[in-house]
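Structure at a glance
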Amino acid sequence: MAASGKVTVVLKAVKNITVQFCPFESNVGSTRMFLSVMSSHKVRATNLNCEVISTVKHDRTEPVVEITYLDGDKLMLKGAKLNCSEMLSSFQSMCAAKELQAKLAAAKK
């Protein structure tokens with residue numbers, strides 16, 4: 001959970017987060033940590049309508065996080081090749097861009 005102290009996680013622009021992994025693989029640590037951060041009460045409180053769905057499989061599948069934003073865009077993170085900090089950074093940069101777009105659209109109205 002040390003990674004969560006470095007990055008402020010806000011789910012305001014997120015519709016749902018789907019986390020899929022096989023717990024018996026050696027490369028799922030970062031994906032499980034990401035799921036832990038997204039499932040925390042503090043993060044979930046930033047958007048109560050955001051669904052966090054975890055799918056645990058036993059078929060040696062690659063750990064994957066799929067984030068769907070309110071505008072329909074999707075972000076796919078492959079946890080086997082990323083650490084938790086990289087996943088959180090990528091997620092937050094996309095969220096910040098979505099929030100900026102929303103503010104600009106609201107300012108035009």
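This report concerns the structure included in the present document. Bear in mind the structure is a predicted one, so any value in this text is a computation, not a measurement.

With that out of the way, let us pick up the overall build of the protein. Counting its secondary structure elements, the protein contains 4 helices and 4 strands. For the protein, the succession of helices and strands along the chain, N to C, is α-β-α-α-β-β-β-α. The C-alpha radius of gyration of the protein comes to 14 Å, within 12% of the 13 Å expected for a compact globule of 109 residues. In terms of principal-axis extent, the alpha carbons of the protein reach across some 50 × 25 × 25 Å. Across the 109 residues of the protein, 36% fall into the buried class. Split by element, the accessible area of the protein, about 6600 Å² in all, is 54% carbon and sulfur. In the protein, 15 positive and 9 negative side-chain charges are present, and the distance between their average locations comes to 6 Å.

Bringing the nonpolar core into the picture now. Core analysis: the biggest nonpolar cluster contains 25 residues, and Leu11, Val14, Ile17, Phe34, Met38, Ile67 and Phe91 have the highest contact counts within it. Broken down by secondary-structure element, the contributors of at least two residues to this core are strand 1 (14–21), helix 2 (29–38), strand 3 (64–69), strand 4 (74–78) and helix 4 (84–108). The element that contributes the greatest number of residues to this core is helix 4, accounting for 5 residues. The contact partners of Val14, leaving out residues within four places of it in the chain, are Asn47, Cys50, Ile67, Thr68, Tyr69, Leu70, Phe91 and Cys95.

This next bit is on unusual backbone geometry. In this structure, Arg60 is a non-glycine residue whose phi angle is positive, near 60°. In this structure Arg60 comes out as exposed when scored by relative accessible area, which is 67%.

By the definition in use, this model includes 4 salt bridges. Where Arg60 meets Glu25, a salt bridge forms, and the shortest distance between an N and an O atom there is 3.5 Å. With a gap of 35 residues between them, Arg60 in the loop between strand 2 (51–56) and strand 3 and Glu25 in the loop between strand 1 and helix 2 connect regions that are remote in the sequence. Close ionic contact of Asp71 with Lys98 constitutes a salt bridge, the shortest N to O distance being 2.8 Å. Residue Asp71 is found in the loop between strand 3 and strand 4, and its partner Lys98 is found in helix 4; the two are separated by 27 residues along the sequence.

Glancing now at the sheet that holds strand 3. A sheet is described by the order of its strands in space; here 4 strands give the open sequence 2-1-3-4, paired in mixed fashion. One side of each edge strand has no neighbouring strand; the edge strands of this open sheet are strand 2 and strand 4. Strand-to-strand twist of the sheet, defined as the mean angle between neighbouring strand axes without regard to direction, takes the value 10°. Helix 2 contacts strand 1, strand 2, strand 3 and strand 4 of the sheet and is inclined by roughly 145° relative to strand 1.

With that settled, consider the environment of Val9. Along the chain, the position of Val9 falls in the loop between helix 1 (2–6) and strand 1. We classify Val9 as buried; its relative accessible area is 8%. Each C-alpha atom of the pair Val9 and Val52 lies 14 Å from the other, and the pair is 43 residues apart in sequence. For Val9, the residues in contact, after removing those within four places along its chain, are Val37, Met38, Val43, Thr46, Leu88, Phe91 and Gln92.

What counts, and at which threshold
Residues numbered from 1 in each chain as written. Predicted model: local features only at pLDDT ≥ 70, side-chain atom pairs only at ≥ 80, totals over all residues. Heavy atoms only, no water. Helix = DSSP H or I, 4+ residues; strand = E, 2+ residues; numbered from the N terminus. Rg over C-alpha atoms; globule rule 2.2 N^0.38 Å. Buried < 20%, exposed > 50% of the residue type's maximum accessible area, 1.4 Å probe, protein only. Areas by Shrake-Rupley, 256 points an atom, 1.4 Å probe, with all protein chains shown as cover. Lys, Arg positive; Asp, Glu negative; His and termini not counted. Charge placed at Lys NZ, Arg CZ, Asp CG, Glu CD. Core = buried A, V, L, I, M, F, W, Y, C linked by side-chain atoms within 4.5 Å. Contact = heavy atoms within 4.5 Å. Salt bridge = Lys/Arg side-chain N within 4 Å of Asp/Glu carboxyl O. Pairing = 2+ DSSP bridges. Axes fitted to C-alpha atoms, helices over the stretch in contact; angles between N-to-C directions.

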